[in-house]
Amino acid sequence: MTAPRALPAPHDTPLDLGGRTALVTGAAGGIGHACALRLAAAGAKVRAVDRDAAGLEALAAAAADLGGAVESHLLDLTDLDAAESAAAGTDVLVNNAGLQLVRPIEEFPPDVFHTVLTVMLEAPFRLIRGALPHMYGQGWGRVVNISSVHGLRASAYKSAYVAAKHGLEGLSKTTALEGAAHGVTSNCVNPGYVRTALVEKQIADQARAHDIPEERVVSEVLLQDSAVKRLIEPEEVAQAVAYLCGPQASFVTGASLVMDGGWTAH
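Residues numbered from 1 in each chain as written. Predicted model: local features only at pLDDT ≥ 70, side-chain atom pairs only at ≥ 80, totals over all residues. Heavy atoms only, no water.

Novice: What should I look at first to understand the packing of aromatic side chains in this one?
Specialist: Each pair of aromatic rings is reported with the distance of its centres and the angle of its planes. One pass over the structure, following the stated rule, counts 1 aromatic pair. Ring geometry for F108 and F113: centres 6.1 Å apart, planes at 85 degrees, overall edge-to-face. Owing to a relative accessible area of 8%, F108 belongs among the buried residues under this scheme. Note on F113: relative accessible area 31%, which makes it partly exposed. (Phe/Tyr/Trp six-rings, centres within 6.5 Å; stacked < 30°, edge-to-face > 60°. Buried < 20%, exposed > 50% of the residue type's maximum accessible area, 1.4 Å probe, protein only.)

Here it is, written out as structure tokens:
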């Protein structure tokens, strides 16, 4: 019989990423901003990737105020070669960047569909591809993909976003299977509607799509199927990401960590 192994650390051990490099995409705002600050607070040297220069500057200032280390990398993720190169030497990779357009399929612009899948599926593949050699070489790595309840369920008028998130789920699981022997875990975090600029813009899009006033979108569309009637805060998602990077989650891989207020419980 194989002898039982001790837990890698006591349950109350704080997250310590000292000496680690973490790359967070879409870091200039929302979930990415919160994740970058949380990982920096844990001691990681954070590479903050975004195409929003002003947002990156604000993030770096916020991190400095907290005593964290954040390096800004101005990058458009549609430049796939540059994305892969940026991930070299990464210990923790958080694929967060995303965009959204709400339109019926017959009205959905093909170029936007292509861009959504490039940024939200192909870019994560290239980033993972760029990060894995270093992770494999040291026998440790953490890939966290910010998915969505829409990686598990579909909603009308979101063909590109739903397709990209479903694809990201499959990519994450495949990464988990390949990375396990090398000490690399790969998981998805699946929030419902988070209080971000992306959701605020979506409220206006949903109002047009459903032909209802914006004030009714949150209660009648976004949170209709949620048991908890509020938006998720970005910092809550960042804490889930931090958990998946910690020693207590070393056996968690290929998983989808759902935090949707009961949205998928129906």
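Novice: How should the pairing of strand β5 (residues 141-146) be read in this particular structure?
Specialist: One face of the sheet, then the other: side chains in a regular strand alternate in exactly this way. For β5, the buried fraction is high: 6 of the 6 residues fall into the buried class. In β5, alternate side chains face the same way, and those of G141, V143 and N145 on one face and R142, V144 and I146 on the other are all buried. Pairing of strand β4 (residues 92-95) with β5, which is carried by 4 bridges, proceeds in the parallel orientation. From the neighbouring strand, V94 faces β5, where its bridge partner is V144. Taken together, β4, helix α4 (residues 110-138) and β5 constitute a β-α-β crossover, and its handedness is right-handed. Taken together, the 6 bridges between β5 and strand β6 (residues 184-191) define a ladder with parallel strand orientation. Bridged to V143 within β6 is S186. With helix α5 (residues 159-179) bridging β5 and the parallel β6, this β-α-β connection has right-handed handedness. (Helix = DSSP H or I, 4+ residues; strand = E, 2+ residues; numbered from the N terminus. Pairing = 2+ DSSP bridges. Right-handed = clockwise from strand over helix to strand, strands pointing away.)

Novice: When you look at the side chain of T264 in this model, what are you seeing that I'm missing?
Specialist: Looking at where T264 falls in the secondary structure, it is placed in the segment after β7 (256-259). Not counting residues up to four positions away in its chain, the partners in contact with T264 are V149, R153 and V258. (Contact = heavy atoms within 4.5 Å.)

Novice: I would appreciate a short explanation of the environment of D52 in the present structure.
Specialist: Here D52 is to be found in the loop between β2 (45-50) and α2 (53-65). On a C-alpha basis, the gap between D52 and D76 in space is 9.1 Å, while along the polypeptide they are 24 residues apart. The residues contacting D52, other than those within four sequence positions of it, are A28 and L74. In this structure the side chain of D52 is engaged in a polar contact, spanning 3.2 Å, whose partner is the backbone nitrogen of A54. (Polar contact = N/O pair within 3.5 Å; in protein donor to acceptor, adjacent residues only side chain to side chain.)

Novice: Just to check I follow, could you spell out the state of the cysteines for this structure?
Specialist: Simply put, the disulfide is a covalent bond whose two ends are the sulfur atoms of two cysteines. By the definition in use, this model includes 0 disulfides. For the unlinked cysteine C35, the closest cysteine sulfur is that of C245, found at 8.7 Å. (Disulfide = S-S within 2.5 Å.)

Novice: Which parts of the structure should I look at to understand the packing of helix α1 (residues 30-41) against α2?
Specialist: Axis angle and axis distance: for two packed helices, these are the angle between their axes and the distance between the axes, and together they describe the pair. At a closest axis distance of 10 Å, the pairing of α1 and α2 adopts a crossing angle of 30 degrees. Taken as axis vectors, α1 and α2 run roughly parallel relative to one another. The chirality of how α1 crosses α2 is right-handed. Two secondary-structure elements touch here, α1 through H33, A36 and L37 and α2 through L59, A62 and A63. A per-class count over the contact of α1 with α2 returns 5 nonpolar, 1 polar and no charged. (Axes fitted to C-alpha atoms, helices over the stretch in contact; angles between N-to-C directions. Parallel < 35°, antiparallel > 145°, perpendicular 65-115°, else oblique. Left-handed = near helix turned anticlockwise from the far one by under 90°. Nonpolar A, V, L, I, M, F, W, Y, C, P; charged D, E, K, R; others polar.)

Novice: How should the sheet that holds strand β1 (residues 21-25) be read in this particular structure?
Specialist: Sheets are built from strands paired through backbone hydrogen bonds, the pairs being either parallel or antiparallel. Taking strand neighbours across the sheet as the criterion, the 7 strands line up as β3-β2-β1-β4-β5-β6-β7 in an open arrangement whose pairing is parallel. The sheet is open, and its two borders are formed by β3 (69-74) and β7, each paired with just one other strand. If you compare each strand with its neighbour and ignore which way they point, the axes differ by 15 degrees on average. Pairing analysis gives 6 bridges linking β2 to β3, with the strands arranged parallel. By the bridge assignment for β3, V49 is matched with H73. In this fold α1 packs onto β1, β2, β3, β4 and β5, with an angle of close to 170 degrees to the strand it touches most, β1. Contacts from α4 reach β1, β4, β5 and β6, with the element oriented near 170 degrees to β4.

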